[in-house]
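A structural walkthrough
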Amino acid sequence: MLVDPAYTSQACPECGWVSRANRPARGRFVCQWCGLAGHADHIAARNIATRGVPGWAVINQPHATGLPSARRDRESKPPDSAGGS
(Lines give C-alpha, C1' and ligand atoms only; values in the text may rest on other atoms or scores of the structure.)
Protein backbone atom coordinates (compact mmCIF):
# COMPACT_ATOMS: atom_id res chain seq x y z
CA MET A 1 0.00 0.00 0.00
CA LEU A 2 1.36 3.41 -0.89
CA VAL A 3 1.23 6.21 1.68
CA ASP A 4 2.24 9.82 1.05
CA PRO A 5 5.30 10.35 3.28
CA ALA A 6 5.11 14.17 3.15
CA TYR A 7 5.65 15.80 6.56
CA THR A 8 5.55 12.47 8.43
CA SER A 9 8.71 13.39 10.36
CA GLN A 10 7.41 16.88 11.19
CA ALA A 11 3.87 15.93 12.27
CA CYS A 12 2.95 14.89 15.80
CA PRO A 13 1.02 11.59 15.86
CA GLU A 14 -0.68 12.57 19.13
CA CYS A 15 -1.99 16.10 18.49
CA GLY A 16 -1.44 16.51 14.72
CA TRP A 17 0.71 19.67 14.99
CA VAL A 18 2.99 20.02 11.94
CA SER A 19 6.05 22.23 12.15
CA ARG A 20 9.70 22.23 11.09
CA ALA A 21 10.47 23.24 14.67
CA ASN A 22 9.29 19.78 15.77
CA ARG A 23 12.62 18.48 14.41
CA PRO A 24 15.30 20.29 16.47
CA ALA A 25 17.96 17.78 15.35
CA ARG A 26 18.26 15.18 12.61
CA GLY A 27 17.20 12.17 14.69
CA ARG A 28 15.12 13.97 17.30
CA PHE A 29 11.43 14.88 17.42
CA VAL A 30 9.89 17.21 20.01
CA CYS A 31 6.35 18.48 19.41
CA GLN A 32 6.17 22.21 20.00
CA TRP A 33 2.46 21.96 20.85
CA CYS A 34 1.98 18.94 23.16
CA GLY A 35 5.60 18.08 24.08
CA LEU A 36 5.68 14.53 22.70
CA ALA A 37 9.32 13.57 22.21
CA GLY A 38 11.06 10.63 20.58
CA HIS A 39 13.23 9.41 17.76
CA ALA A 40 12.27 11.10 14.48
CA ASP A 41 12.18 7.83 12.51
CA HIS A 42 9.86 6.22 15.07
CA ILE A 43 7.52 9.22 14.95
CA ALA A 44 7.51 9.15 11.13
CA ALA A 45 6.74 5.41 11.16
CA ARG A 46 3.78 5.98 13.49
CA ASN A 47 2.44 8.67 11.15
CA ILE A 48 2.85 6.45 8.08
CA ALA A 49 1.07 3.57 9.83
CA THR A 50 -1.80 5.86 10.81
CA ARG A 51 -2.15 7.13 7.25
CA GLY A 52 -2.34 3.55 5.99
CA VAL A 53 -5.18 2.47 8.31
CA PRO A 54 -8.06 3.50 5.99
CA GLY A 55 -6.59 1.30 3.26
CA TRP A 56 -6.45 -1.78 5.50
CA ALA A 57 -10.22 -2.16 5.37
CA VAL A 58 -10.12 -2.42 1.59
CA ILE A 59 -7.34 -5.00 1.63
CA ASN A 60 -8.90 -7.14 4.36
CA GLN A 61 -12.39 -7.42 2.87
CA PRO A 62 -13.66 -11.00 2.76
CA HIS A 63 -14.42 -12.40 -0.65
CA ALA A 64 -18.17 -13.06 -0.57
CA THR A 65 -19.53 -14.34 -3.85
CA GLY A 66 -22.88 -15.66 -2.67
CA LEU A 67 -22.16 -18.98 -4.34
CA PRO A 68 -23.22 -22.17 -2.57
CA SER A 69 -20.66 -23.73 -0.29
CA ALA A 70 -20.30 -27.46 0.33
CA ARG A 71 -19.69 -26.74 4.00
CA ARG A 72 -22.84 -24.62 4.30
CA ASP A 73 -24.84 -27.33 2.55
CA ARG A 74 -23.61 -29.98 5.03
CA GLU A 75 -24.31 -27.75 8.03
CA SER A 76 -27.85 -26.89 6.90
CA LYS A 77 -29.01 -30.49 6.43
CA PRO A 78 -30.52 -32.31 9.42
CA PRO A 79 -28.40 -35.21 10.68
CA ASP A 80 -29.29 -38.72 9.52
CA SER A 81 -31.31 -40.68 12.08
CA ALA A 82 -29.40 -43.51 13.76
CA GLY A 83 -32.35 -45.90 13.99
CA GLY A 84 -33.81 -47.71 10.99
CA SER A 85 -37.51 -47.83 10.22
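Here we summarise the structure given alongside this text. Numbers given for residues are sequential positions, taken from 1 along each chain in its written order. Totals for whole chains, interfaces and linings use all residues, but because this is a predicted model, local features are given only for residues with pLDDT of at least 70 and pairs of side-chain atoms are given and counted only at 80 or more. Only hydrogens and water are set aside; all other atoms, that is, all heavy atoms of the structure, feed into the side-chain values.

A separate point is the overall build of the chain. Put simply, DSSP marks the helices as runs of H or I at least four residues long and the strands as runs of E at least two long, and each gets a number from the N terminus on. In terms of helices and strands, the chain carries two helices and two strands. In the chain, the order of α-helices and β-strands from amino to carboxyl end is β-β-α-α. Looking at the chain as a whole, 16% of its 85 residues qualify as buried. Contacts between residues were defined by any pair of non-hydrogen atoms, one from each residue, lying within 4.5 Å. Taking the intrachain contacts of the chain between residues at least 6 apart in sequence as the baseline, contacts between residues at least 24 apart amount to 32%. The buried label applies to any residue whose accessible area, calculated with a 1.4 Å probe on protein chains only, is under 20% of its type's maximum; exposed applies above 50%, and partly exposed to all values in between.

Within the secondary structure layout, Val-18 lies in the segment before strand E1 (28-30). Relative accessible area serves as the criterion here: at 45%, Val-18 is assigned to the partly exposed category. With residues up to four places along the chain from it excluded, the contact list for Val-18 reads Tyr-7, Gln-10 and Ala-11.

Now for the packing of aromatic side chains. Given two aromatic rings, one states the distance between the centres and the angle between the planes to describe the pair. Stacked, edge-to-face and tilted are the three classes for Phe, Tyr and Trp ring pairs, Trp counted by its six-membered ring, which pair at centre distances within 6.5 Å; planes under 30 degrees apart are stacked, over 60 edge-to-face, the rest tilted. Counted under the stated rule, the structure contains one aromatic pair. Between Trp-17 and Trp-33 the ring centres are 5.2 Å apart and the planes differ by 20°, which places this aromatic pair in the stacked class. Of the two residues, Trp-17 is situated in the segment before E1 and Trp-33 in the loop between E1 and strand E2 (37-39); the sequence distance between them amounts to 16 residues. Classification of Trp-17 as partly exposed rests on a relative accessible area of 36%.

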